[in-house]
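Working through the structure, step by step
These are the residues of each chain, in order.
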Amino acid sequence: AQSVAQPEDQVNVAEGNPLTVKCTYSVSGNPYLFWYVQYPNRGLQFLLKYITGDNLVKGSYGFEAEFNKSQTSFHLKKPSALVSDSALYFCAVRAGGDDKIIFGKGTRLHILP
Amino acid sequence: NAGVTQTPKFQVLKTGQSMTLQCAQDMNHEYMSWYRQDPGMGLRLIHYSVGAGITDQGEVPNGYNVSRSTTEDFPLRLLSAAPSQTSVYFCASSYGAVGPDTQYFGPGTRLTVL
């Protein structure tokens, strides 16, 4: 069975600094990995995904994520944080050959002005 | 396109009552899923479907039923509501050549069970 861990409940970053939101996963076989964002009182929006190919994936709003197979990680990154990036971020995984997409518990990102 | 729609937006039930949360999508997506979101628990998969007539259980299926008679609709039924089912429910749909890919989420239904 697949699982996702987001080890930090909350991450605080000063505006303009780089940010990282961590995600590790466990699946049998090749993983399909996703990041979603939820702004206050809103639904979830897709940010980026890794299916195959380059380990560095670029997505919406200047975010990127790096797939690391040896560390089973898919950390979300942005070079320069904006106050508007403050939101709840979810990592999700699907095992190849499976049809279930499982989400992590989420990490709340606070960007401090 | 309306995308993924959910009704109602808010609902209050008494313990033991039943109800159906509606979900519809107009993107002709094969895959549809129901999640519940609870503080500190993230999103947990309740049931999912890979096409009309085919459904399967997710991580937390107890107390919920689903059916998928058409590609567009995927209703979630609470048979006998319990306070533990107080949550925000999200429906999602997705496409994919070899399984679900990017998911599109509805706006959610906030359910309170008294």
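Refer to the preceding data block for the structure.
Residues numbered from 1 in each chain as written. Chains lettered and ligands numbered in written order. Predicted model: local features only at pLDDT ≥ 70, side-chain atom pairs only at ≥ 80, totals over all residues. Heavy atoms only, no water.

Quick word on the overall build of chain A
Helix and strand content of chain A: 0 helices and 12 strands. Each helix and strand of chain A, ordered N terminal to C terminal, gives the series β-β-β-β-β-β-β-β-β-β-β-β. Its C-alpha atoms give chain A a radius of gyration of 13 Å, within 12% of the compact-globule value 13 Å for 113 residues. Its C-alpha atoms give chain A principal-axis dimensions of roughly 45 × 30 × 20 Å. Residues counted as buried form 48% of the 113 residues belonging to chain A. In chain A, the proportion of contacts linking residues at least 24 apart, taken out of those at least 6 apart, comes to 56%. (Helix = DSSP H or I, 4+ residues; strand = E, 2+ residues; numbered from the N terminus. Rg over C-alpha atoms; globule rule 2.2 N^0.38 Å. Buried < 20%, exposed > 50% of the residue type's maximum accessible area, 1.4 Å probe, protein only. Contact = heavy atoms within 4.5 Å.)

Let's talk about the interface of chain B and chain A
With 22 residues of chain B in contact, the opposing surface of chain A contributes 21 residues. Carbon and sulfur atoms supply 57% of the area buried between chain B and chain A, which totals about 1700 Å² over both sides. When residues of chain B are sorted by the area they lose upon contact with chain A, Leu43, Pro100 and Asp101 of chain B head the list and together hold 27% of the total. Applying the counting rule to chain B against chain A returns 1 salt bridge. Note that Asp101 of chain B is salt-bridged to Lys49 of chain A, the shortest N-O span being 2.6 Å. Between the two partners, chain B and chain A, sit 7 residue pairs in polar contact (both at pLDDT 80 or more). For the side of chain B that touches chain A, the elements supplying multiple residues, two or more each, are strand E4 (31-38), strand E5 (42-51) and strand E10 (103-105) of chain B. No other element matches the 5 residues that E5 of chain B contributes to the side of chain B that touches chain A. The residue inventory of the side of chain B that touches chain A, partitioned by class, reads 12 nonpolar, 8 polar and 2 charged. (Buried area = accessible area lost by both parts, 1.4 Å probe. Salt bridge = Lys/Arg side-chain N within 4 Å of Asp/Glu carboxyl O. Polar contact = N/O pair within 3.5 Å; in protein donor to acceptor, adjacent residues only side chain to side chain. Nonpolar A, V, L, I, M, F, W, Y, C, P; charged D, E, K, R; others polar.)

Quick word on the packing of aromatic side chains
In the structure shown here, the tally under the stated rule is 13 aromatic pairs over all chains. Ring geometry for Phe103 of chain A versus Tyr35 of chain B: centroids 5.1 Å apart, planes at 80°, classification edge-to-face. Within this pair, whereas Phe103 of chain A is found in strand E11 (residues 102-103), its partner Tyr35 of chain B is found in strand E4, the two belonging to separate chains. Accessibility expressed as a relative area gives 5% for Phe103 of chain A, which makes it buried. Among the aromatic side chains, those forming a connected cluster through ring pairs are Phe34, Tyr36, Phe46, Phe90 and Phe103 of chain A together with Tyr35 and Phe105 of chain B. (Phe/Tyr/Trp six-rings, centres within 6.5 Å; stacked < 30°, edge-to-face > 60°.)

Things to note about the state of the cysteines
Following the criterion strictly, the structure yields 2 disulfides over all chains and no others. One disulfide in the model links Cys23 of chain A with Cys91 of chain A; its S-S distance is 2.0 Å. Because the sign of the S-S torsion sets the handedness, a value of about -65° for the bond joining Cys23 of chain A and Cys91 of chain A places this disulfide among the left-handed ones. Note that Cys23 of chain A is positioned in the loop between strand E3 (19-21) and strand E4 (24-26) and Cys91 of chain A in strand E10 (residues 87-95), a separation of 68 residues in sequence. Per residue, the accessibility class of Cys23 of chain A equals that of Cys91 of chain A, and both read buried. The disulfide partner of Cys23 of chain B is Cys91 of chain B, and the S-S distance across this bridge is 1.8 Å. The disulfide joining Cys23 of chain B to Cys91 of chain B has a torsion of about -70° about its S-S bond and is therefore left-handed. With Cys23 of chain B in strand E3 (residues 19-25) and Cys91 of chain B in strand E9 (residues 87-94), the pair connects residues that are 68 residues apart, well separated along the chain. For the pair Cys23 of chain B and Cys91 of chain B, one class covers both residues: buried. (Disulfide = S-S within 2.5 Å.)

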